[in-house]
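The chain contents come next:
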Amino acid sequence: MSEVQVPETAPVAQHDNTKLGMWIFVGGEVVFFISLILLIVFARLTQGDYEAQFRSHLSIPVIALNTFVLVTSSYFVVRALEAISLSGNRKALRNNMLMVIVLGLLFLGGQAFEWISLFREGVSYASTFGSPFFTVTGIHGTHVFVGILWAVYLLVGNRRQLFTQENHLGIENFGLYWHFVDIVWIVLFTVIYLI
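We now turn to the structure provided with this report. (Residues numbered from 1 in each chain as written. Predicted model: local features only at pLDDT ≥ 70, side-chain atom pairs only at ≥ 80, totals over all residues. Heavy atoms only, no water.)

### What about the side chain of N66?
Relative to the helices and strands, N66 resides in helix α3 (residues 60-87). Beyond its immediate sequence surroundings of up to four residues, N66 is in contact with L106, F107, G110 and Q111. (Helix = DSSP H or I, 4+ residues; strand = E, 2+ residues; numbered from the N terminus. Contact = heavy atoms within 4.5 Å.)

Here it is as structure tokens:
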């Protein structure tokens, strides 16, 4: 009897499947967030004067700064991936991932500051505009929090030398997720605060 041989391309196929799975997950999240964004748009179109009832309570300069913080974190994700994939530099990977975590925490702090300010001004989570606003921004904030936990997990993996110049798929998949979270926030910032 002859032995069954595993094709040489098996690791590549696994790599492709993992990345494909991440893209499918992100695609599902896109559909989910589109439905949440449509909830905000529907509330604005059907429930009277958005500007007078809700938008006047929003602090656009503070949230613009918060948006800048989150978008900047994506730059450090790119640098982390480049550090490990181009030169195998685990120290640079660590430093850039630490920046992602710090900026993600700053973003969540800014969001908490905004929520506290809105509650102090009497905006209720049960109001016509408060309900979709707190739902959508809360779910997005949860995604940021999950991303921060994932980044901490990757830091532990980096410390255990799991990532190399040849093996950095975990960082790549994290990058897909984090960039998605950033893009969603840019859309939310535009729909809620600017339009």
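So that's the structure; there's more coming.
### With respect to the environment of R79
As for its position among the elements, R79 is in helix α3. A residue is classified by how much of its surface remains accessible, and R79, at 39% relative accessible area, is partly exposed. For the pair R79 and L93, spaced 14 residues apart in sequence, the C-alpha separation works out to 7.5 Å. (Buried < 20%, exposed > 50% of the residue type's maximum accessible area, 1.4 Å probe, protein only.)

### Thoughts on the packing of helix α4 (residues 90-120) against helix α6 (residues 169-194)
Running from amino to carboxyl end, α4 crosses α6 at an angle of 25 degrees, the nearest separation of the two axes being 14 Å. Regarding the angle of α4 to α6, the classification is roughly parallel. The chirality of how α4 crosses α6 is left-handed. Residues L93, M97, V100, G104, F107, Q111 and E114 of α4 lie in contact with α6, whose contacting residues are I171, F174, W178, W185 and Y193. Residues that form the contact of α4 with α6 fall into these classes: 9 nonpolar, 2 polar and 1 charged. (Axes fitted to C-alpha atoms, helices over the stretch in contact; angles between N-to-C directions. Parallel < 35°, antiparallel > 145°, perpendicular 65-115°, else oblique. Left-handed = near helix turned anticlockwise from the far one by under 90°. Nonpolar A, V, L, I, M, F, W, Y, C, P; charged D, E, K, R; others polar.)

### Some words on the packing of aromatic side chains
Enumeration over the complete set of coordinates arrives at 15 aromatic pairs. Where F107 meets W185, the ring centres are 5.1 Å apart and the plane angle is 80 degrees; that geometry is what we call edge-to-face. In this pair, F107 sits in helix α4 while W185 sits in helix α6, placing the two residues 78 residues apart along the sequence. By the burial criterion, F107 is buried, and W185 matches it. Ring geometry for F133 versus F134: centroids 5.1 Å apart, planes at 75 degrees, classification edge-to-face. A relative accessible area of 7% means that F134 is categorised as buried. Put simply, the rings of F107, W115, F119, F133, F134, W185, F189 and Y193 touch in pairs and so form one group of aromatic residues. (Phe/Tyr/Trp six-rings, centres within 6.5 Å; stacked < 30°, edge-to-face > 60°.)

### Focus: α3
If you check α3, its first and last C-alpha atoms are 40 Å apart, about what 28 residues at 1.5 Å a residue would give, namely 40 Å. Along α3, the residues that are buried comprise I63, N66, T67, V69, L70, S73, S74, F76, V77, A80, A83 and I84. For α3, the elements touching its buried residues are α4, α5 (130-159) and α6. Where α3 ends, the next residue or the one after it, G88, has phi of about 65 degrees, a positive value. (Expected span 1.5 Å × (residues − 1).)

### Topic: the environment of V71
Residue placement: V71 occurs in helix α3. Separated by 108 residues in the primary sequence, V71 and H179 have C-alpha atoms spaced 8.5 Å apart. Other than its neighbours up to four places away in sequence, V71 contacts D182 and I186.

Read these as layout, nothing more, since geometry by itself doesn't imply function.
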